[in-house]
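Observations on the three-dimensional arrangement
What follows is the residue order along each chain.
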Amino acid sequence: MSELIEIDAIGLLCPLPVLKARKRLKALSAGDQVCLLADDPAAIVDVPHFCAESGYKLVSTTQADTHTAYLIEKS
């Protein structure tokens, strides 16, 4: 069964949200997912770029009132 990990990176600035996601994803198995919560405006560019470069799948991006949630799946 796949695992879903939530990472609260709200209040952290670039590159910390991506670094936190990378660290957690490294330890997971294929099919596991991370939900990264971030409010850094740079994350809108950084997270998709990180996924493309690292071979992870950006499943969804959901905008909330104060932050964005990025659902990332390890391939």
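This text goes with the structure placed above it.
Residues numbered from 1 in each chain as written. Predicted model: local features only at pLDDT ≥ 70, side-chain atom pairs only at ≥ 80, totals over all residues. Heavy atoms only, no water.

The next point concerns the packing of aromatic side chains. Summed over the entire model, instances satisfying the criterion amount to 1 aromatic pair. For the pair F50 and Y56, a centre-to-centre distance of 5.5 Å together with 45° between the ring planes defines the contact as tilted. Relative accessible area serves as the criterion here: at 7%, F50 is assigned to the buried category. (Phe/Tyr/Trp six-rings, centres within 6.5 Å; stacked < 30°, edge-to-face > 60°. Buried < 20%, exposed > 50% of the residue type's maximum accessible area, 1.4 Å probe, protein only.)

As a further point, take the pairing of strand β3 (residues 57-63). Both β3 and strand β4 (residues 68-73) contribute to a ladder of 6 bridges, which runs antiparallel. From the neighbouring strand, K57 faces β4, where its bridge partner is E73. With antiparallel pairing between neighbouring strands as the criterion, β3 and β4 make up a hairpin whose turn holds 4 residues. (Pairing = 2+ DSSP bridges. Helix = DSSP H or I, 4+ residues; strand = E, 2+ residues; numbered from the N terminus.)

Further remarks concern the packing of helix α1 (residues 16-26) against helix α2 (residues 43-54). Following both chains from N to C, one finds α1 and α2 inclined at 30°, their axes separated by 10 Å at the closest point. Classified by the angle between their axes, α1 and α2 sit roughly parallel to one another. Crossing handedness for the pair α1 and α2: right-handed. Contact residues: α1 offers V18, A21, R22 and L25, while α2 offers D46, V47 and F50. When its residues are assigned to classes, the contact of α1 with α2 shows 5 nonpolar, no polar and 2 charged. (Axes fitted to C-alpha atoms, helices over the stretch in contact; angles between N-to-C directions. Parallel < 35°, antiparallel > 145°, perpendicular 65-115°, else oblique. Left-handed = near helix turned anticlockwise from the far one by under 90°. Contact = heavy atoms within 4.5 Å. Nonpolar A, V, L, I, M, F, W, Y, C, P; charged D, E, K, R; others polar.)

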